[in-house]
Amino acid sequence: MRGAKTAQGTVTAVSAGGNGSVTATVAITKLPSGVTSKYMGIAQIQVKVLASNVLIIPTAAIKGSGSSATVQLLVNGKTTTQSVTVGHQTQTESEITSGLSAGQNVVYTRTFNGRFGGGFRSGQPGGQGTTQNGTAPSGASFGGSTSGT
């Protein structure tokens, strides 16, 4: 875009239309230099709808699907299999509607290829992570947190 400017804002109101559309009001805290409130623009809004009373875990941690979906848990130093009920899923995250409790340690294996943030190169496949008390350990970037209140 020619002369594109970026501004951060906060969604202050949302209303649903009858056809599935949504209108959002966004308050811009500070307009970019040279822009007035009469400018017209295009907004890119990142939306994430969270269900209440669910746990969010990495989709890769789930084996099987439907009524046979399971996850691996770390209990007293041993790995056990736990049946779960899966709600909404994306390629990266899944809602667990029953079968897990906050604070349980979900274990899964993930292969990393390429660069890590610290500049190290990974030639070794694998990498295991657990969530602790519903959050990822320091430096980890995977789920296990609860959503909703």
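Residues numbered from 1 in each chain as written. Predicted model: local features only at pLDDT ≥ 70, side-chain atom pairs only at ≥ 80, totals over all residues. Heavy atoms only, no water.

Q: Now, about the overall build of the protein: what can you tell me, with residues and values included?
A: In terms of regular secondary structure, the protein is built from zero helices and twelve strands. N-terminal to C-terminal, the α/β element order of the protein is β-β-β-β-β-β-β-β-β-β-β-β. Per-residue burial for the protein yields a buried fraction of 21% across its 149 residues. By sequence separation, contacts in the protein at least 24 residues apart represent 43% of the contacts at least 6 residues apart. Of the roughly 11,000 Å² of accessible surface on the protein, a fraction of 49% belongs to carbon and sulfur atoms. (Helix = DSSP H or I, 4+ residues; strand = E, 2+ residues; numbered from the N terminus. Buried < 20%, exposed > 50% of the residue type's maximum accessible area, 1.4 Å probe, protein only. Contact = heavy atoms within 4.5 Å. Areas by Shrake-Rupley, 256 points an atom, 1.4 Å probe, with all protein chains shown as cover.)

Q: Outline the environment of Ser-33, supporting the account with residue identities and numerical values.
A: With respect to the element layout, Ser-33 can be found in the loop between β2 (22–28) and β3 (54–58). Between the C-alpha atom of Ser-33 and that of Thr-6, which follows or precedes it by 27 residues, the distance is 9.9 Å.

Q: Summarise the nonpolar core; cite the residues concerned and give the values.
A: In this structure, Leu-55, Ile-57, Ala-61, Ile-62, Ala-69, Val-71, Leu-73, Val-84, Ile-96, Leu-100, Val-106 and Tyr-108 together form the largest nonpolar core, which totals twelve residues. Of all the secondary structure elements, the ones that give two or more residues to this core are β3, β4 (70–75) and β8 (105–109). (Core = buried A, V, L, I, M, F, W, Y, C linked by side-chain atoms within 4.5 Å.)

Q: So, the environment of Lys-30: which residues are in play, and what are the values?
A: Within the secondary structure, Lys-30 sits in the loop between β2 and β3. For Lys-30, a relative accessible area of 67% translates into the label exposed. It is 7.0 Å that separates the C-alpha atoms of Lys-30 and Ala-7, two residues lying 23 residues apart in sequence.

Q: Outline the environment of Ser-101, listing residues and values.
A: Looking at the element boundaries, Ser-101 is found in the loop between β7 (93–98) and β8. Accessibility expressed as a relative area gives 46% for Ser-101, which makes it partly exposed. Put simply, Ser-101 and Val-54 are 47 residues apart on the chain and 9.0 Å apart in space, counted from C-alpha to C-alpha.

Q: Which residues make up unusual backbone geometry, and what values go with them?
A: In the Ramachandran plot, Asn-76 falls in the positive-phi region, its phi being about 50° despite a non-glycine side chain. For Asn-76, the location among the structural elements is in the loop between β4 and β5 (78–83).

Q: Tell me about the confidence of the model for the protein, and name the residues and values.
A: With 68% of its residues at a pLDDT of 70 or more, the protein shows a mean pLDDT of 74. Here strand β12 (residues 146–147) stands out as the least confident element of the protein, with mean pLDDT 40; β5 is the most confident, with 96. (pLDDT = per-residue confidence, 0-100.)

Q: Before we move on, could you go through the side chain of Thr-70 and cite the residues and values that matter?
A: Tracing the sequence through the fold places Thr-70 in strand β4. Beyond its immediate stretch of four places on either side in the chain, Thr-70 contacts Ala-61, Ile-62, Lys-63, Thr-81, Gln-82, Ser-83 and Val-84.

Q: Outline a nonpolar patch on the surface, supporting the account with residue identities and numerical values.
A: A cluster of nonpolar residues, Val-11, Val-14, Val-22, Val-26, Ile-28 and Leu-31, forms a patch on the protein surface that exposes about 480 Å² of accessible area. Where the nonpolar patch is concerned, the elements lending two or more residues are β1 (9–16) and β2. When residues of the nonpolar patch are assigned to their parent elements, the largest contribution, three residues, is made by β2. Of note, Val-14 is situated in strand β1. Among the residues examined, Val-14 registers a relative accessible area of 56% and is labelled exposed. (Patch = residues over 30% accessible without salt bridge, like charges linked within 9 Å, V, L, I, M, F, W, Y side chains within 5 Å. Salt bridge = Lys/Arg side-chain N within 4 Å of Asp/Glu carboxyl O.)

Q: I'd like a rundown of the pairing of β7, residues and numbers included.
A: Both faces of the sheet carry side chains from a regular strand, because those side chains alternate between them. In the sheet, β3 pairs with β7 via four bridges, with the strands oriented antiparallel. Bridged to Ile-56 within β7 is Glu-95. Pairing geometry for strand β6 (residues 85–89) and β7, over three bridges, is antiparallel. In the strand pairing of β7, Val-86 is matched with Ile-96. (Pairing = 2+ DSSP bridges.)

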